[in-house]
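Single-letter residue listing:
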Amino acid sequence: QAQLVESGGGLVQPGGSLRLSCAASGSIRRVNAMGWYRQAPGKQRELVAAITSGGSTNYADSVKGRFTVSADNAKNTVYLQINSLKPEDTAVYYCNAQIQENYKGAFYDYWGQGTQVTVSA
């Protein structure tokens, strides 16, 4: 069974930086895309950054210029470099990947366990 393991969250001051990591492991034949979502208390989960296996990226307008998503395809790992953190960035950040486990099998969404990012003075 495929799984995603996240790390890198924590408590930081406004203007600080964090680097989140998400590694996919287990039964993996192909990964179409990996991305990062976040969910603040009482709010809808939202996509903040994503990257395809071909290297195309997209970002939410609220994080553009501050967040950078990158991937190491050989390691099935995606990273999110977060700079100039703001209090409104506080949320649980979830890694997501579309994974095909078997030849000609379907792609399914897999989610990491979530990592808490808290931005507070």
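Refer to the preceding data block for the structure.
Residue positions are given per chain, counting from 1 as you read along its sequence in written order. Given that the model is predicted, a residue must reach a pLDDT of at least 70 before its local features are reported, and side-chain atom pairs must reach 80 or more before they are shown or counted; all residues, however, enter totals for whole chains, interfaces and linings. Each side-chain value is derived from all of the structure's non-hydrogen atoms; neither hydrogens nor water enter the calculation.

With that settled, consider the packing of aromatic side chains. Aromatic rings from Phe, Tyr and Trp, taking only the six-membered ring of Trp, are treated as a pair when their centres fall within 6.5 Å; an angle between ring planes under 30 degrees marks them as stacked, one over 60 as edge-to-face, and anything in between as tilted. Inspection of the entire model under this criterion finds 1 aromatic pair. Here Y37 and W111 contribute two aromatic rings whose centre-to-centre distance is 5.0 Å and whose plane-to-plane angle is 65°, an arrangement assigned as edge-to-face. Here the residue Y37 occupies a position in strand β4 (residues 30–39), and W111 occupies one in strand β10 (residues 107–111), the gap between them amounting to 74 residues. Think of it in three bands: with a 1.4 Å probe and only protein chains considered, a residue is buried below 20% of the maximum accessible area for its type, exposed above 50%, and partly exposed in between. A relative accessible area of 22% means that Y37 is categorised as partly exposed. We count a charge as sitting over a ring when the NZ of a lysine or the CZ of an arginine lies within 6 Å of the ring centre and within 35 degrees of the ring normal. Its end group placed over the ring of Y94, R45 keeps NZ or CZ at 3.9 Å from the ring centre. The positively charged end of R45 is found above the aromatic ring belonging to W111, 4.7 Å away from the centroid. Helical segments are the DSSP runs of H or I of at least four residues, strand segments are the runs of E of at least two, and each set is numbered from the N terminus.

A separate point is the sheet that holds strand β7 (residues 67–72). Read from one edge to the other, the open sheet built from 4 strands follows the order β1-β3-β8-β7, with strand pairing classed as antiparallel. The sheet is open, and its two edges are formed by β1 (3–7) and β7, each paired on a single side. Direction aside, the axes of adjacent strands within the sheet are offset by 15° on average. Examined bridge by bridge, strand β3 (residues 18–25) and strand β8 (residues 77–82) share 6 bridges and lie antiparallel to one another. Bridging from a neighbouring strand, R19 pairs with Q81 of β8. For two strands to pair, DSSP has to find at least two bridges joining them. Every axis in this analysis is a line fitted to C-alpha atoms, fitted for helices over the stretch in contact. Angles between the N-to-C directions lie between 0 and 180 degrees.

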